[in-house]
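Each chain, written out:
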Amino acid sequence: MKIGVKYCGGCNPRYDRVAFVEGLKARYPDAEFQSARPQERYDQVLVVCGCAARCADVSAIRGDQIRYICGGGPFQL
């Protein structure tokens, strides 16, 4: 599974977005995680946000499924 990761602007310093994604990588070692790029197509795009504002621009990102993760918490692919 090819997963594109897009981060928000990072205005919430209490939520370590990178650590959350590193935890997902450890839980799903067979998945291919990479920074989401407009020229690529992904099975899933994870938009990792620190709050409910969802400020990350994903208008040019292509994926079969785009999921917003706001503030961490339990998550399954």
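What comes next concerns the included structure. Model, not experiment: these values are computed from the prediction. (Residues numbered from 1 in each chain as written. Predicted model: local features only at pLDDT ≥ 70, side-chain atom pairs only at ≥ 80, totals over all residues. Heavy atoms only, no water.)

So, on to the overall build of the protein. The helix and strand tally for the protein stands at 1 helix and 6 strands. Ordered by position from the N terminus, the helices and strands of the protein form the series β-α-β-β-β-β-β. In summary, the protein has a C-alpha radius of gyration of 12 Å against a globular reference of 11 Å for 77 residues, a match within 12%. Dimensions of the protein along its principal axes, counting C-alpha atoms only, are 30 × 30 × 15 Å. (Helix = DSSP H or I, 4+ residues; strand = E, 2+ residues; numbered from the N terminus. Rg over C-alpha atoms; globule rule 2.2 N^0.38 Å.)

Under the counting rule described, the total for this entry stands at 4 salt bridges. Between R37 and E40 there is a salt bridge, and its shortest N-O distance comes to 3.0 Å. Via salt bridges that share partners, K2, R37 and E40 belong to a single interconnected network. (Salt bridge = Lys/Arg side-chain N within 4 Å of Asp/Glu carboxyl O.)

Further remarks concern the packing of aromatic side chains. Evaluation of the coordinates by the stated rule reveals 1 aromatic pair. Between the aromatic rings of Y15 and F20, the centroid separation amounts to 6.3 Å while the plane-to-plane angle is 50°, which identifies the pairing as tilted. Just above the ring of Y42 sits the side chain of K2; from NZ or CZ to the centre is 5.4 Å. Over the ring of Y68 we find R54, and its NZ or CZ is 4.4 Å from the ring centre. (Phe/Tyr/Trp six-rings, centres within 6.5 Å; stacked < 30°, edge-to-face > 60°. Lys NZ or Arg CZ within 6 Å of the ring centre and 35° of its normal.)

These figures capture arrangement, not role.
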